[in-house]
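Close look at the chain arrangement
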Amino acid sequence: MENNKYPCDICKSNDLARIPSLSKYTGGDKIFTCKNCGFVFVTERRSSDQVANSWSDEIFATAKNPSSQSETFTATRPAIKARLLHVLETANQEIGIENKSLCDIGAGEGVFLNYAKLLFENTELFGIEPSKRNCKILSNLSIKNFQGTIQDYLDASNHQKQLFDIVTILWTLEATQNCVEVMNMIHNILKPNGHIIVATGSRILMPFKKPLQYYVNDKPQDTHCFRFSYNSLTNLLKLTGF
């Protein structure tokens, strides 16, 4: 199946700059910078469901057939657990978590939501997660969840009955197929005057701690469609009404 080719998600420009240093790792020019606004993104992408299935069935350590443990992703690693706890504590200091409803999009193995459950026992928690295996983990943690993407959740019946004070999307926005569409959808599950919390990588803003081949490879690039800077993330938030 041929992938669709996309212009810049932020400004819709097709005036793009190739990144020559990445091509030998990705097997060609696949990651570009928009010359108009500076956004770094992947132009060729599969459907949203196909990208979600790659994460569910190939990338997560709970996937059906992970190629090797070293190549799979799990949020149970100490460094990843630490950054999720950092987000939770910062959010609590800034806006307060207790006695509120919180939905985590791309809830994964439930590490973030389980921390919230342990630290803020009066918070109503919910996870949206494509992986059936990860949703089973969430259920075993007694955390309510929906298996699917946020689009699937919105398409399902009774979604209007559940709106949230806080929506978190943590190291997940860059893994979506359409960041603008996802941010617009979040409005549909967020209460008036609610809060969105976005956490994402900062690799293009700081020196690499690892060789480039540990960051990009010749596998499908659309599992990480976007590399945000402070400015491009701010532009996306403004573009989508936040």
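Summarised in this report is the structure supplied together with it. (Residues numbered from 1 in each chain as written. Predicted model: local features only at pLDDT ≥ 70, side-chain atom pairs only at ≥ 80, totals over all residues. Heavy atoms only, no water.)

**Thoughts on the environment of T223**
- With respect to the helices and strands, T223 occurs in the loop between strand 10 (190-199) and strand 11 (226-227).
- As for T223 and V51, which are separated by 172 residues in sequence, their C-alpha atoms are 5.9 Å apart.
- Among the polar contacts made by the side chain of T223, one reaches the main-chain carbonyl oxygen of P220 at a distance of 3.4 Å. (Helix = DSSP H or I, 4+ residues; strand = E, 2+ residues; numbered from the N terminus. Polar contact = N/O pair within 3.5 Å; in protein donor to acceptor, adjacent residues only side chain to side chain.)

**As for a nonpolar patch on the surface**
- A contiguous nonpolar patch, built from I204, L205, M206 and Y230 and spanning about 440 Å² of accessible area, is present on the exposed surface.
- With respect to the secondary-structure elements, Y230 resides in helix 8 (residues 230-239). (Patch = residues over 30% accessible without salt bridge, like charges linked within 9 Å, V, L, I, M, F, W, Y side chains within 5 Å. Areas by Shrake-Rupley, 256 points an atom, 1.4 Å probe, with all protein chains shown as cover. Salt bridge = Lys/Arg side-chain N within 4 Å of Asp/Glu carboxyl O.)

**Side note on the packing of aromatic side chains**
- Inspection of the entire model under this criterion finds seven aromatic pairs.
- Geometrically, the ring pair formed by F126 and Y153 is tilted, given 5.6 Å between the ring centres and 50 degrees between the ring planes. Highlighted residues: F126 in strand 7 (residues 124-129) and Y153 in helix 6 (residues 150-155), separated in sequence by 27 residues.
- Take F126: its relative accessible area is 8%, and that puts it in the buried class.
- Between the aromatic rings of F226 and F228, the centroid separation amounts to 6.1 Å while the plane-to-plane angle is 45 degrees, which identifies the pairing as tilted.
- When its relative accessible area of 3% is taken as the criterion, F228 is described as buried.
- Through successive ring pairs, a cluster of aromatic residues spans F39, F41, F226 and F228.
- The aromatic ring of Y6 is capped on one face by R45, whose charged end is 4.5 Å from the ring centroid. (Phe/Tyr/Trp six-rings, centres within 6.5 Å; stacked < 30°, edge-to-face > 60°. Buried < 20%, exposed > 50% of the residue type's maximum accessible area, 1.4 Å probe, protein only. Lys NZ or Arg CZ within 6 Å of the ring centre and 35° of its normal.)

**Let's talk about the sheet that holds strand 2 (residues 16-18)**
- Sheet architecture is open: four strands sit in the order 2-3-4-11, paired in antiparallel fashion. In the strand order of this sheet, the two ends are held by strand 2 and strand 11, each with one partner.
- Here strand 4 (residues 40-42) runs beside strand 11; their pairing, made up of two bridges, is antiparallel. Following the sheet pairing, V40 is matched in strand 11 by R227. (Pairing = 2+ DSSP bridges.)

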